[in-house]
Amino acid sequence: MKRTLRPAPTLLGHIELPPDKSVAHRAAILAALAEGSSQIVNYPASEDPRSTLACLRALGVEMEEREGILYVEGRGLEGLTPPRAPLDCGNSGTTMRLLAGVLAGQPFDVVLTGDASLRRRPMTRIAEPLEAMGAGVTLTEGHAPIRLEGGRRLHGITYRLPVASAQVKSCVLLAGLFAEGTTTVVESIPSRDHTERMLGLDTFETGGLRRLSVTGGRRIAPRTWAVPRDFSAAAFFLVAASIVPLGEVRLPGVGLNPSRTAFLNVLRAMGAHVEVHHEREHGGEPMADLVVRPAPLHGVTVGNPLIPNLIDEIPALAVAAACAEGRTEIRDAAELRVKETDRLAALAANLRALGAHVEERPDGLVIEGGRPLHGATVDSFGDHRIAMAMGVAGLVAEGETTVTNAGCARVSFPGFWKELKRAAGI
Ligand code: S3P
């Protein structure tokens, strides 16, 4: 599927954002492991969180969706059953890495696989701590398919994360539920904290390190989860509404977990006009309504410790940078090379095709903004966030911009193209 964009003079209206996929994956997994029935309000229709549901169903978890609520029959920590076939995680790294943690301590063998993009992503980062806990993990040259051997007894470890990754952190903490003793994860650069929040874990901060511990065998109570709208999806509209000449965009019910919102501060520091209204808390996660109006942007420098907090927003940030006056430098972001595609290479190639001045570095990008963009054909490289970022750029590039392989937006935001085109009136 391809999508063609033209310059939009105005961007206007309420945007229906998808529910947050990070929260959704975790709510589904914790509901499956709970002792009793849980409800998840606002479970997303996006492909990634649906991959998690399909895997949980294959592990014997019953669930049903009625009137926007997903009812999950939890099986307790010991109740999962062997799947009949390899579990297909689709395009979803979170599904694969979190489920590997859940499945490393089961009495049965299981294989986790995914699409071609997911089978290229690094899995040694989860195999190492799981093996240190006593799991039997066989990778395929460092990648999926991953075979987890059943019947291993796991024991708690203290693990200092070598890469700032919420997926690796969550994998180890979930495995810790099935391990004897206490499992502690230590992080030096904070990553998104949904897992520890949702499990109600205590966090200890000493000497610039965050320590999170979970006790093996800890029972999970069933409950009602409410999934806020996805800040990472909102990011594309925060940028679009800032760079299009006129209009006002409203983004209701956006999750504003502080471990996810560094991009909001960065965009404001670039000069964006974003109002935050009706701040509230829902299901343990802060949320609010955002209103964005056009504003002249200027360049900015971003690096650690902020990078994990805005890792998924960098494609949107790169488009904002191309439209901003002056130089933007993105550093410490080599992790982008092992996402759904090499996002640094994809952004550099696509923004250059649109006429932007971009220098690609091993761990980031330097973008000299303010040059007028012109339409071109750019590819998503099969990556949902590259597709959406290019859609936003297409609203300000002179002439026609065509995004090829644009359908992958459905991985995290099935309504993206409809919402973008409706708000832009094109
Ligand atoms: C996620 C963590 C991040 C992020 C991904 C979702 C999560 O990955 O990029 O989209 O839900 O834990 P890493 O933790 O591997 O950086």
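Just so we're clear, the structure is a prediction, and the values are computed from it rather than from any experiment.

Draft legend 1. Examining empty space enclosed by the protein more closely. As enumerated under the stated definition, the model contains 2 cavities of 30 Å³ or more in all. Roughly 40 Å³ of volume is contained in the largest cavity. Taken together, D20, V23, H194, P228, F231, G255, N257, R260 and E285 make up the lining of the largest cavity. Partitioned by chemical class, the residues of the lining of the largest cavity number 3 nonpolar, 3 polar and 3 charged.

Draft legend 2. Quick look at the layout of surface pockets. In this model, the largest pocket occupies a volume close to 590 Å³. At the level of elements, helix 1 (21-33), helix 3 (93-103), helix 5 (166-177) and helix 9 (307-310) are the ones that each hand at least two residues to the lining of the largest pocket. When residues are assigned to domains, the lining of the largest pocket turns out to be shared by domain 1 (3-19 + 228-424) and domain 2 (21-225), each giving three or more. Taken as a whole, the second largest pocket holds about 160 Å³ of empty space. In terms of lining residues, the second largest pocket is bounded by 15 residues, among which I243, P296, L297, C323 and A324 are the most central. Put simply, the parts of the chain that give the lining of the second largest pocket at least two residues each are helix 7 (231-243) and helix 10 (314-323). Classifying every residue of the lining of the second largest pocket gives 11 nonpolar, 2 polar and 2 charged.

Draft legend 3. Representation of the site of the ligand. Around the ligand, a shell composed of K21, S22, R26, T94, S165, A166, Q167, R192, I311, D312, K339 and R385 is seen. Within the side chain of D312, an N or O atom sits 2.7 Å from an oxygen atom of the ligand. Its free accessible area being 380 Å², the ligand has 95% of it covered by the protein chains. The cavity where the ligand resides is the largest pocket. Contributions of two or more residues to the shell around the ligand are made by helix 1 and helix 5. Per-element accounting of the shell around the ligand gives the leading share, 3 residues, to helix 1. In terms of residue class, the shell around the ligand is built from 2 nonpolar, 4 polar and 6 charged. Each of two domains, domain 1 (3-19 + 228-424) and domain 2 (21-225), supplies a minimum of three residues to the shell around the ligand.

About the cut-offs
- Residues numbered from 1 in each chain as written.
- Predicted model: local features only at pLDDT ≥ 70, side-chain atom pairs only at ≥ 80, totals over all residues.
- Heavy atoms only, no water.
- 1 Å grid on protein atoms, 1.4 Å probe; cavity = no way out; pocket = protein on both sides within 12 Å on 5 of 7 lines; lining within 4 Å.
- Points joined across faces, edges and corners; volume = space filled by probe spheres on them.
- Nonpolar A, V, L, I, M, F, W, Y, C, P; charged D, E, K, R; others polar.
- Helix = DSSP H or I, 4+ residues; strand = E, 2+ residues; numbered from the N terminus.
- Domains from an automatic or database assignment.
- Near = heavy atom within 4 Å.
- Polar contact = N/O pair within 3.5 Å; in protein donor to acceptor, adjacent residues only side chain to side chain.
- Areas by Shrake-Rupley, 256 points an atom, 1.4 Å probe, with all protein chains shown as cover.
- Sits in = over half its atoms within 2 Å of the grid points.

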